[in-house]
Amino acid sequence: ARLVFLLASTAFSQVRFSQTDETNYTLGVTSFRQGDYSTALQYFRQVMNDSLNQRSAESYYYGARSLFNLRNYQQSAVVIDTFLVKFPQDEHRYDMIYILGADYYEIGKYEEAAAEFVATSASKDREMAVIDFTGATRVAQNFTADPTALKSAVQGVKFGTLRPNEPGQSTE
């Protein structure tokens, strides 16, 4: 029992409590919920720029969402990349990967977007079929949760959109 206590206290000792960051986070969430993403981002950045504390991960999460809502997709992707390095096991991991996919989609990086969307869908409790549509359709690997196999299935895939009532549409 003593060993477990020591491990637990070591894990918690890495995160410090900051009342200033708690206040900035709360003000950021309030601004975010009111749709004032610019102000929210200012508060979240103050927490993100401080040392690791009780609101760091959530501030990265809301900061990335604020940037996405402000249509600053490049910066949102940077914040998400930092989040995934600093907090690889955080509960918002899959949400952040999904937002990263949306960022890539919005800036025209469709292959990267598809790979991130696949990564959010792949987990031990969710499987996807991998299908290769080159020539005759064949199943490349039947139902897997392996993100590597799923990402390789979407490499080289091209995407296009059509708006049927608009002239001059094309797909890639």
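Bear in mind the structure is a predicted one, so any value in this text is a computation, not a measurement.

*Asks:* Explain the overall build of the protein chain to me, and be specific about the residues and the numbers.
*Replies:* A tally of helices and strands in the protein chain yields eight helices and two strands. When the helices and strands of the protein chain are listed from N to C terminus, the series reads α-α-α-α-α-α-α-β-β-α. Expressed as a percentage of its 172 residues, the buried residues of the protein chain come to 34%. Within the protein chain, contacts between residues at least 6 apart in sequence are counted, and of these 43% link residues at least 24 apart. Only carbon and sulfur atoms are counted for the fraction: they give 51% of the accessible area of the protein chain, which is about 11,000 Å².

*Asks:* A description of helix 5 (residues 73-86) should follow, citing residues and the corresponding values.
*Replies:* Taking 1.5 Å as the rise per residue, helix 5 with 14 residues should run 20 Å; its terminal C-alpha atoms sit 20 Å apart, in good agreement. Turning to helix 5, its buried residues number three or more, namely Tyr 73, Ser 76, Ala 77, Val 79, Ile 80, Phe 83 and Leu 84. For helix 5, the angular spread of the buried residues around the axis is 165°, confining them to a single face. Seen from the open side of helix 5, the exposed residues pointing more than 90 degrees away from its buried face are Gln 74 and Val 85. Against the buried residues of helix 5 lie helix 3 (37-49), helix 4 (56-69) and helix 6 (93-106).

*Asks:* Run through the pattern of salt bridges, naming residues and quoting values.
*Replies:* Counted under the stated rule, the structure contains three salt bridges. A salt bridge links Asp 50 to Arg 16; its shortest N-O distance comes to 2.8 Å. With Asp 50 in the loop between helix 3 and helix 4 and Arg 16 in the loop between helix 1 (2-13) and helix 2 (19-33), this residue pair connects regions lying 34 residues apart in the sequence. Judged by its relative accessible area of 30%, Asp 50 falls in the partly exposed class. One salt bridge in this structure joins Arg 55 and Glu 22, with 3.0 Å as the shortest N-O distance.

Rules and cut-offs
- Residues numbered from 1 in each chain as written.
- Predicted model: local features only at pLDDT ≥ 70, side-chain atom pairs only at ≥ 80, totals over all residues.
- Heavy atoms only, no water.
- Helix = DSSP H or I, 4+ residues; strand = E, 2+ residues; numbered from the N terminus.
- Buried < 20%, exposed > 50% of the residue type's maximum accessible area, 1.4 Å probe, protein only.
- Contact = heavy atoms within 4.5 Å.
- Areas by Shrake-Rupley, 256 points an atom, 1.4 Å probe, with all protein chains shown as cover.
- Expected span 1.5 Å × (residues − 1).
- Arc of directions from axis to C-beta.
- Salt bridge = Lys/Arg side-chain N within 4 Å of Asp/Glu carboxyl O.

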